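# Coordinate inspection notes
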Amino acid sequence: MPELDLLALLGGLLLTPGPTNLLLAVSTASSGLRRTASMLGAIVLAYLAVMAAVAMLAALIPPDSQSTVRTAMKVCAILWLLWLAYSVWTGNDDSVDRRLMTTRQVFVTTLVNPKATIVALLVLSHGMTTWLVIAVATLTCLAGAAWIIVGLLVGRNGSGLLGRGVLRKASAICLAGFGVLLAGASL
């Protein structure tokens, strides 16, 4: 039963708005389902990479040095989120799909997303079993699919308040907000 609690927690965490989820919605609204669906694989790979890296770091890095590594990871995440927010904000509606929403950027965003580290730490604290890793990969795909549906709804029905440009600007503000919140939490 504790694993069900963990899966519910992980599912809720993966569904929350964050940089990766916002990029999925924006990409779907601007580029469509076919181009964005392939990004789910990159997101799953990024989560698996973070889980493996956290497990290796926990085993290799002495506990007194782990705070330095966490700080460096936070600085990288903050800089990436702020740069991405600027890029999304300054892109125009015609070029946003070509210039900003690439699978590589979604992969890197997921790698530096603090949510991925939290997921990895939760999985590690409960024992990283094959079953749990498969469950995380499945939940990641389901959460990503939910955000792709949001992007589809905005892309097909969006105009005015929920239009593509508004979604892009709101996403840029949220990305910058995540960076600022992460910076504030680090102080």
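For every chain, the first residue of the written sequence is number 1, and numbering continues from 1 along that sequence. Per-residue local features of the predicted model are confined to residues with pLDDT of at least 70, and side-chain atom pairs are confined, for both listing and counting, to 80 or more; whole-chain, interface and lining totals are unaffected and use all residues. Only hydrogens and water are set aside; all other atoms, that is, all heavy atoms of the structure, feed into the side-chain values.

## A closer look at the overall build of the chain
Put simply, the rule is: Strands here mean DSSP runs of E at least two residues long; helices mean DSSP runs of H or I at least four residues long; both are numbered from the N terminus. For every residue, the accessible area (1.4 Å probe, protein chains only) is compared with the maximum for its type, and the residue is labelled buried under 20%, exposed over 50%, or partly exposed between those bounds. Note on areas: Shrake-Rupley, 1.4 Å probe, and residue coverage restricted to the protein chains presented here.
Within the chain, the secondary structure is distributed over 10 helices and zero strands. When the helices and strands of the chain are listed from N to C terminus, the series reads α-α-α-α-α-α-α-α-α-α. Classification of the 187 residues of the chain by burial places 42% in the buried group. When the accessible surface of the chain is split by element, carbon and sulfur atoms take 72% of a total near 9,700 Å².

## Here we look at helix H4 (residues 39–60)
Basically, it comes down to this: Under the convention used throughout, the expected extent of a helix is 1.5 Å for every residue step, that is, one less than its residue count.
If you check H4, its first and last C-alpha atoms are 31 Å apart, about what 22 residues at 1.5 Å a residue would give, namely 32 Å. Those residues of H4 that fall on the buried side of the exposure criterion are Met 39, Leu 40, Ala 42, Ile 43, Val 44, Ala 46, Tyr 47, Val 50, Met 51 and Val 54.

## Quick look at the side chain of Lys 115
Formally: Polar contact is defined as a pair of N or O atoms within 3.5 Å, subject to the rule that within protein one atom must be able to donate a hydrogen and the other to accept it, and that residues adjacent in sequence are counted only when both atoms are side-chain atoms. Residue contacts are counted whenever heavy atoms from the two residues lie within 4.5 Å of one another.
Checked against the element boundaries, Lys 115 lands in helix H8 (residues 114–125). A polar contact of 2.8 Å, which involves the side chain of Lys 115, links it to the backbone oxygen of Thr 16. If we skip the residues at most four places from it in the chain, Lys 115 touches Leu 13, Leu 14, Thr 16, Pro 17, Gly 18, Asn 21 and Tyr 47.

## Digging into the packing of helix H2 (residues 19–31) against H4
Applicable threshold: In this analysis, axes come from line fits to C-alpha atoms, helices being fitted only over the stretch in contact, and the angle between any two N-to-C directions falls in the range 0 to 180 degrees. When an angle is under 35 degrees it counts as roughly parallel; over 145 it counts as roughly antiparallel; between 65 and 115 it counts as roughly perpendicular; any other value is oblique. All residues other than Ala, Val, Leu, Ile, Met, Phe, Trp, Tyr, Cys, Pro, Asp, Glu, Lys and Arg, Gly among them, are scored as polar; the first ten of these are nonpolar and the last four charged.
One can describe the packing of H2 onto H4 by two numbers: an axis separation of 11 Å at closest approach and a directional angle of 170°. Relative to H4, H2 is oriented roughly antiparallel. Taking contact as the criterion, the partners of Thr 20, Leu 24 and Ser 27 in H2 are, on H4, Met 39, Leu 40 and Ile 43. Tallied by class, residues from the contact of H2 with H4 come to four nonpolar, two polar and no charged.

## A short note on the nonpolar core
If you look at soluble globular proteins, the nonpolar side chains tend to sit buried side by side. Applicable threshold: To define a nonpolar core, start from buried Ala, Val, Leu, Ile, Met, Phe, Trp, Tyr and Cys residues and group those joined through side-chain atoms within 4.5 Å.
With 38 residues, the main nonpolar core has Leu 10, Leu 23, Leu 24, Val 88, Val 119, Val 123 and Leu 175 as its most contacted residues. For this core, the secondary structure elements donating two or more residues are helix H1 (2–15), H2, H4, helix H5 (66–90), H8, helix H9 (130–157) and helix H10 (164–186). Tallying contributions element by element places H9 first for this core, with eight residues. Apart from the residues within four sequence positions on either side, Leu 175 is in contact with Pro 19, Leu 23, Leu 81, Leu 84, Ala 85 and Val 88.

## Remarks on the packing of H4 against H8
To be explicit about the condition: For a crossing to be left-handed, the near helix must be turned anticlockwise from the far one by less than a right angle; the clockwise case is right-handed.
In contact at an axis separation of 9 Å, H4 and H8 are set at 60° when each is read in the N-to-C sense. Between H4 and H8, the crossing angle belongs to the class labelled oblique. Handedness of the H4/H8 crossing: right-handed. When H4 is examined against H8, the residues Tyr 47, Val 50, Met 51, Val 54, Ala 55 and Ala 58 are found in contact with a partner set consisting of Lys 115, Ala 116, Thr 117, Val 119, Ala 120, Leu 121, Val 123 and Leu 124. Grouping the constituent residues of the contact of H4 with H8 by class yields 12 nonpolar, one polar and one charged.

## Quick notes on the environment of Leu 124
Along the polypeptide, Leu 124 turns up in helix H8. Relative accessible area serves as the criterion here: at 31%, Leu 124 is assigned to the partly exposed category. Each C-alpha atom of the pair Leu 124 and Val 54 lies 8.1 Å from the other, and the pair is 70 residues apart in sequence. Beyond its immediate stretch of four places on either side in the chain, Leu 124 contacts Val 54, Ala 55 and Ala 58.

## Examining a nonpolar patch on the surface
To keep things clear, this is the line we draw: The patches described consist of residues with a relative accessible area above 30% and no salt bridge, like charges being joined within 9 Å and nonpolar side chains (Val, Leu, Ile, Met, Phe, Trp, Tyr) within 5 Å. Think of a salt bridge as a Lys or Arg side-chain nitrogen and an Asp or Glu carboxyl oxygen that are within 4 Å of each other.
Residues Leu 121, Leu 124 and Met 128 make up a contiguous nonpolar surface patch of about 220 Å² in total accessible area. Considering the arrangement of structural elements, one finds Leu 121 in helix H8. Judged by relative accessible area, which is 45%, Leu 121 ranks as partly exposed.

## Focus on the confidence of the model for the chain
Definition in use: Residue-level confidence of the predictor is summarised by pLDDT, bounded by 0 at the bottom and 100 at the top.
The share of residues in the chain with pLDDT of 70 or more is 86%, and the mean pLDDT across the chain is 80. Ranking the helices and strands of the chain by mean pLDDT puts H4 first, with 91, and helix H6 (residues 96–99) last, with 43. Between residues 95–100, whose pLDDT stays under 50, and residues either more than four places distant or in other chains, the model counts 16 contacts.

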